[in-house]
Amino acid sequence: MPATFLPRFLRSSVVSVIQWFDSDYEVETIAEAEKREDKVEWVRTIPFCVLHLGCLGVLWTGISWLAVGLAFFLYVIRMFAVTGFYHRYFSHRTFTTSRFMQFIFGLWGATCVQRGALWWAYTHRHHHQHSDDEKDKHSPRQHGFLWAHIGWITSSKNFPTDYRRVKDLARYPELVFLNRFDVLIPVLFAIALYVAGNWLNAAFPVLHTSGWQLVVWGFFISTTVLFHCTAFINSLAHVFGKRRYETDDDSRNSFLLAIITLGEGWHNNHHRHMGTVRQGFYWWEIDVTYYGLKVLSWLGLIWDLRPVPIAAYDPSTHLQASKLSAPRVSDQTGSVPPVHQQKPLGGLRPPVSRA
Ligand SMILES: [Zn+2]
Ligand SMILES: [Zn+2]
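Because the structure is predicted, anything quoted here is derived from the model rather than measured.

What follows is about the overall build of the chain. Counting secondary structure elements, the chain contains 16 helices and five strands. Burial statistics for the chain: of 355 residues in total, 39% are counted as buried. Within the chain, contacts between residues at least 6 apart in sequence are counted, and of these 67% link residues at least 24 apart.

Now the structure itself:
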């Protein structure tokens, strides 16, 4: 092994370990990061591997109804955070909220262990700008299914946050803090589960649970499943399902994916009309995230939900001949400009909107 290699390797490994805790530590300019080789950065990826290996802890902690129910519950409320907040709010700004609630959404999303809201929004906006072209970070067409699903997130090229693409969010120091120290909330979340499990074990032994059991089910298993179901949108939703709209990417609509991701499976709808809060455009296109966001709007916590443009219902814009009826005229509420449509949408008229 060349003498110069070892110190360089050691140094970069030490930097990677520090970046587990401080993701902005010693990050060069984004232009330099973009020049990095698109390959797995193993030391930086160790926590991600630990997340998966932690699921094996079930061999020691066993199972209880409480633990399985908690894992499911945490999956659902955190999938809602990924889709409703990280995706539809931070990435696309499809509704408006207060600065306080924005912070709560950032905190809630941070428990999903999919890094900070700014990194998530940056990589996602990049995906829409370059969807399935050679610059797309997670295109099955360009890089194969496995890289689109899991590989890209381990690539040294994709770890830094390009704050220039999320200037609207980087104005808030509290969001930048959560993004920079993205390990903090997941660790506190796991500790809270451990403490809760130990307390329940002492107070209600009939539940047959323990601190470590709740950590394994509520944190490791629930979070790992949450990651892969989210990642299906980057991988499966670009190869599996039906296309309603002509887009210059391979996005598809899938009922199955929409169920397990609370509405994100209507991915072709989303790629065509990314500025709308709703991704299931018809009543039978189940979109649980949208229903949840509607409830938040009734509670006055969010407002200004961007509606589906009426052009989306025009059968002439659909790929297959369709019997879908156009919306009633009384449903029209005036024009709302779509937000963060970073890729030109090929001749689409400015949308007249629909509630
Ligand atoms: Zn996509
Ligand atoms: Zn999107």
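Moving on, we come to helix α12 (residues 184–203). When the terminal C-alpha atoms of α12 are compared, their 29 Å separation across 20 residues agrees well with the 28 Å that a helix rising 1.5 Å per residue should span. Every buried residue of α12 is accounted for by Phe189, Leu193, Gly197 and Leu200. Burial along α12 is one-sided: seen end-on, the buried residues are contained in an arc of 75°. Residues of α12 that are exposed and angled more than 90 degrees away from the buried face: Trp199, Ala202 and Ala203. The inward-facing, buried residues of α12 abut α13 (211–234).

By size, the foremost hydrophobic cluster in this structure holds 40 residues, and its most contacted members are Phe90, Ala117, Leu118 and Ala121. Looking at this core, the elements with two or more residues in it are α5 (65–91), α6 (99–110), α7 (117–129), α11 (173–180), α12 and α13. Looking at which element gives the most residues to this core, the answer is α5, with 13 residues. Here Phe90 is in contact with Phe85, Ala117, Trp120, Ala121 and Leu169, once residues within four sequence places are set aside. If you look at the next biggest cluster of nonpolar residues, it comprises seven residues, including Phe232, Ile233, Ala237 and Trp266.

The next point concerns the environment of Leu53. Take Leu53: it is sitting in helix α3 (residues 42–53). Residue Leu53 is classed as exposed on the basis of its 12 C-beta neighbours within 10 Å.

A residue-level look at the chain finds 88% of positions with pLDDT of 70 or above and a mean pLDDT of 89. Every residue in residues 321–355 scores below 50 in pLDDT, and together they form 63 contacts with partners more than four places removed in sequence or on other chains.

In this section: α11. Every buried residue belonging to α11 is among Leu175, Leu178 and Asn179, and all of these are buried. Projected onto a plane normal to the axis of α11, the buried residues spread over an arc of 100° and lie on a single side. Buried residues along α11 sit in contact with α6, α7, α10 (167–170) and α12.

Here the focus is the packing of α12 against α13. Relative orientation of the contacting elements α12 and α13 amounts to 135°, with a least axis distance of 7 Å. Comparing their axes, α13 and α12 come out oblique. Like other packed secondary-structure pairs, α12 and α13 cross with a definite hand, here right-handed. Contacts between α12 and α13 involve Phe189, Ala190, Leu193, Tyr194, Val195, Ala196, Gly197, Asn198 and Asn201 from the first element and Gly211, Trp212, Gln213, Leu214, Val215, Gly218 and Phe219 from the second. Here the contact of α12 with α13 is built from residues that sort into 10 nonpolar, six polar and no charged.

On the secondary structure map, Ser210 appears in the loop between α12 and α13. Judged by C-beta crowding, with 19 C-beta atoms within 10 Å, Ser210 ranks as partly exposed. As for Ser210 and Trp199, which are separated by 11 residues in sequence, their C-alpha atoms are 8.1 Å apart. When residues no more than four places from it in sequence are discounted, the contact partners of Ser210 are Thr61, Gly197, Asn198 and Asn201.

In this structure, Val113 takes a positive phi of about 60° despite not being glycine. Summarising the element assignment, Val113 is placed in the loop between α6 and α7.

Of note, His318 is situated in the loop between β3 (308–309) and β4 (332–334). What makes His318 partly exposed here is the crowd of 16 C-beta atoms within 10 Å. Residues His318 and Arg244, 74 residues apart in the sequence, show an inter-C-alpha distance of 5.3 Å. Excluding its chain neighbours within four sequence positions, the residues that come into contact with His318 are Arg244 and Tyr245.

Attention now goes to the packing of α5 against α6. Remark: α5 packs on α6, axes separated minimally by 9 Å, with the N-to-C direction vectors making an angle of 125°. As the angle between them shows, α5 and α6 are arranged oblique. In this structure, α5 crosses over α6, and the sense of that crossing is left-handed. Taking contact as the criterion, the partners of Ala81, Val82, Phe85, Tyr86 and Tyr89 in α5 are, on α6, Phe105, Trp108 and Gly109. For the contact of α5 with α6, the class distribution of residues is seven nonpolar, one polar and no charged.

About the thresholds
- Residues numbered from 1 in each chain as written.
- Chains lettered and ligands numbered in written order.
- Predicted model: local features only at pLDDT ≥ 70, side-chain atom pairs only at ≥ 80, totals over all residues.
- Helix = DSSP H or I, 4+ residues; strand = E, 2+ residues; numbered from the N terminus.
- Buried ≥ 20, exposed ≤ 12 C-beta atoms within 10 Å, placed from the backbone.
- Contact = placed C-beta atoms within 7 Å.
- Expected span 1.5 Å × (residues − 1).
- Arc of directions from axis to C-beta.
- Core = buried A, V, L, I, M, F, W, Y, C linked by C-beta atoms within 7 Å.
- pLDDT = per-residue confidence, 0-100.
- Axes fitted to C-alpha atoms, helices over the stretch in contact; angles between N-to-C directions.
- Parallel < 35°, antiparallel > 145°, perpendicular 65-115°, else oblique.
- Left-handed = near helix turned anticlockwise from the far one by under 90°.
- Nonpolar A, V, L, I, M, F, W, Y, C, P; charged D, E, K, R; others polar.

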